[in-house]
Amino acid sequence: MRWPALVLIVALGAGVAGLQAVHERRGGPPAGTTENLLYVRSPEAMQRLALSYDALLADLYWIRAVQHYGGTRLSTDPAARFDLLYPLLDLATSLDPYFRVAYLFGSIFLAEPPPGGPGRTDLAIALLEKGLRAQPDEWEYAQAVGFVHYWWRQDYEQAAAWFARAADFPDAPVWMRPLAATTLAQGGSRASSRVLWRQILATAEDGWYRNEAQRRLLQLDAMDQLDRLRAAADAFRETRMRPADGWADLRAAGYVRGTPVDPTGTPYRLAGGVVSLDPDSRLHPLPTEPAGRR
Amino acid sequence: MHPQVIRHVALNVFKESVRDRVLYSLVAFASLLIGVSYLIGQLTAGQDIKIIKDLGLAAISTFGLLIAIFIGIGLVWKEVERRSIYSLLAKPVSRPEFIIGKFVGLALTLLVNVATMTVAFYAVLAYMNTQFSDNVRASWPAPAVDPGMLRAVALIFVELLVVTAIALFFSTFSSPFLSAALTGGLWVIGHFNTDLRNFEAVVESPVAASLARGLYYILPNFAAFDIKAQVVYAQPVPSSYLLITAGYGAVYVALLLTGAVTIFARRDFA
């Protein structure tokens, strides 16, 4: 009796796996039109529904926020939006008001401009201010608000004011006050941006944040390289009375050696005299910077 | 009451739960934690240790809760259903000894479960601790292997004892299904206790407000046993709070066992 049962189990198991393979080959279920849903958006309601699992639910909402951000960012669907990002972060931080990473990373996700993010600097600041209300001693939230003003809003006065506020916190690092002063004096310059990102790189606790700081520093390097290459392309146009139409032109004229590549190794583009970063580069898109602030 | 008799009944409950493969839950717990520890780094950005701590403590609580309810509701009912209660009560076992022995037996099962799950939980955290650099570890609000989390585990255990006592209380006079529903219902309501206290702020009727206030004092306050978030962030939890809450749980258990013994003593098995 044991052998027939075993054979039947193996046969049925093979049948299930086979049908699953057929299912996969056929492309799974028909594409639905269901949007991403968040059934409970009210943090107050969720706090009650969580019973004693509020911290665990906060983790789940945080994981969902990360997946939503990453999934939307990588999506090829032009209709993909970051609609659920703030509600998910709001729920995560309401269920766990001490969820430091949700405030700090969440604000970065929210502030990132399209297509890499929703570009909602207002919500990024609101999230960090919520963190400050929950943990009034966390200087990093104040620094992060200053950072959003600095990097994404190019509002250097506000940025300097927030860095100065962060410097007043009891555990704030010693470099915070000079950073506030530098920002006020030469905000927006690449040099001061480098100082800011290097401080973040040196103090980042997480691999993702460290990688992000490294990427931003490489973007600043790329912006310097692009300035030099654009100057070469302009010089070529002036001397030859026509725009360079490829790196071969600049190589032949002795302006460059080989094909210039960005700090990640991706070649720069040159067409019609215009030098630009390859859209497939990991550094794309480069941050905007106000004219004359280099 | 004879402690020897209670011990005998308790050991039988423990052996029966082992025979019923209750301890298999430990394998499920260990698999869950190990699986999640592996996956968590792929799914999220940062906070791996915090998430494992949250999940571990929640899983200890949930596995214990399921055992307390589903074993607790059958403690008396099974004996009646199998008619073994007749031979049991014919022996020199009094009804209070029987009820208390059943409770102690399930408490022992829960203690073994919670203790083993806690050891597995700390082992996973100790392993995860080795996966991070000193720089990252320094930024955590509490070390990965923080003995302070034992305070939350202790209160989870006291909470489970209260749930066991509730399940046992209902099982003395009700069917298993109804006992499970009532115990689960009380556990849920017990987390809304604070709302009952503040009921007067949302109703105008003084009678309704007084009723809610009365329920606030009578119903078990399960929210008080939940200090998981505090220990994960290494926030201070005063010893006095732990003592008062444990004392509250002990008195509540005594109250429920007294009720269970009283009801069971009046039941007619003839």
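Residues numbered from 1 in each chain as written. Chains lettered and ligands numbered in written order. Predicted model: local features only at pLDDT ≥ 70, side-chain atom pairs only at ≥ 80, totals over all residues.

## Description of the overall build of chain B
Within chain B one finds 13 helices and zero strands. N-terminal to C-terminal, the α/β element order of chain B is α-α-α-α-α-α-α-α-α-α-α-α-α. Structurally, chain B occupies a C-alpha span of about 70 × 55 × 30 Å along its principal axes. Taken over 270 residues, chain B has a buried fraction of 39%. Relative to all contacts within chain B whose residues are 6 or more apart in sequence, the contacts with residues 24 or more apart total 83%. (Helix = DSSP H or I, 4+ residues; strand = E, 2+ residues; numbered from the N terminus. Buried ≥ 20, exposed ≤ 12 C-beta atoms within 10 Å, placed from the backbone. Contact = placed C-beta atoms within 7 Å.)

## Describing the overall build of chain A
Within chain A, the secondary structure is distributed over twelve helices and two strands. For chain A, the succession of helices and strands along the chain, N to C, is α-α-α-α-α-α-α-α-α-α-α-α-β-β. Against the globule reference of 19 Å for 294 residues, chain A gives a C-alpha radius of gyration of 25 Å, more extended than a compact globule. Summarising its shape, the C-alpha atoms of chain A cover approximately 90 × 55 × 35 Å along the three principal directions. Once local pairs closer than 6 in sequence are excluded, the contacts in chain A between residues at least 24 apart make up 50%. (Rg over C-alpha atoms; globule rule 2.2 N^0.38 Å.)

## A word on the domain arrangement of chain A
Parsing chain A into structural domains produces domain 1 (43–136) and domain 2 (188–294). Computed over C-alpha atoms, the centres of domain 1 of chain A and domain 2 of chain A are 32 Å apart. (Domains from an automatic or database assignment.)

## Looking at the interface of chain B and chain A
Contact with chain B, which involves 19 residues of that partner, is made by 17 residues of chain A. Of all the secondary structure elements, the ones that give two or more residues to the side of chain B that touches chain A are α3 (48–72), α7 (134–139) and α12 (228–232) of chain B. The element contributing the most residues to the side of chain B that touches chain A is α3(B), with five residues. Its residues placed into classes, the side of chain B that touches chain A shows ten nonpolar, six polar and three charged. (Nonpolar A, V, L, I, M, F, W, Y, C, P; charged D, E, K, R; others polar.)

## Looking at the packing of helix α5 (residues 100–111) of chain A against helix α6 (residues 121–134) of chain A
Residue and element names in this part refer to chain A. Two elements in contact, α5 and α6, have axes separated by 7 Å at closest approach and are oriented at 170°. Regarding the angle of α5 to α6, the classification is roughly antiparallel. Judged by residue contacts, Y103, G106, S107, L110 and A111 of α5 engage T121, L123, A124, L127, L128 and G131 from α6. Grouping the amino acids of the contact of α5 with α6 by side-chain chemistry returns seven nonpolar, four polar and no charged. (Axes fitted to C-alpha atoms, helices over the stretch in contact; angles between N-to-C directions. Parallel < 35°, antiparallel > 145°, perpendicular 65-115°, else oblique.)

## Comments concerning the nonpolar core
A:A92 and B:A165 are the most contacted members of the largest nonpolar core, which has 124 residues in total. Examining the composition of this core, we find that 16 residues originate from one element, helix α8 (residues 150–171) of chain B, more than from any other. When near neighbours in sequence (up to four residues on either side) are disregarded, B:A165 contacts B:F103, B:V253, B:L256 and B:L257. Formed by twelve residues, the second largest nonpolar core is a distinct cluster that contains A:A222, A:L250, A:L277 and A:L283. (Core = buried A, V, L, I, M, F, W, Y, C linked by C-beta atoms within 7 Å.)

## Observations concerning the packing of α6(A) against helix α7 (residues 139–152) of chain A
In a packed pair of helices, the relevant descriptors are the angle between the two axes and the axis-to-axis distance. Residues and elements named next belong to chain A. Put simply, α6 and α7 touch, their axes get as near as 9 Å, and they point 170° apart. Classified by the angle their axes make, α6 and α7 are roughly antiparallel. In the packing of α6 onto α7, the handedness of the crossing is left-handed. On the side of α6, the interface is formed by T121, A124, I125, L128, E129, G131 and L132, while α7 contributes Y141, A142, A144, V145, V148 and W152. Of the residues that constitute the contact of α6 with α7, the class distribution is ten nonpolar, two polar and one charged. (Left-handed = near helix turned anticlockwise from the far one by under 90°.)

## Some details on the confidence of the model for chain B
Residues and elements named next belong to chain B. Confidence in the prediction of chain B, expressed as mean pLDDT, is 87, and 98% of residues score 70 or more. The secondary-structure element of chain B with the lowest mean pLDDT is helix α2 (residues 24–43), recorded at 76, while α8 shows the highest, at 95. The ipTM value of the predicted complex is 0.77, and its pTM value is 0.75. (pLDDT = per-residue confidence, 0-100.)

## So, the environment of B:G184
Structurally, B:G184 can be placed in helix α9 (residues 176–189). Sequence-wise, B:G184 and B:I166 are 18 residues apart; in three dimensions their C-alpha atoms are separated by 9.5 Å.

## Observations concerning α5(A)
Residue and element names in this part refer to chain A. The first and last C-alpha atoms of α5 sit 17 Å apart over twelve residues, in line with the 16 Å expected at 1.5 Å per residue. Summarising burial for α5: twelve of the twelve residues are buried, a large majority. Looking only at α5, the buried set comprises R100, V101, A102, Y103, L104, F105, G106, S107, I108, F109, L110 and A111. The inward-facing, buried residues of α5 contact α3 (54–74), α4 (85–95), α6, α7 and α11 (207–240). (Expected span 1.5 Å × (residues − 1).)

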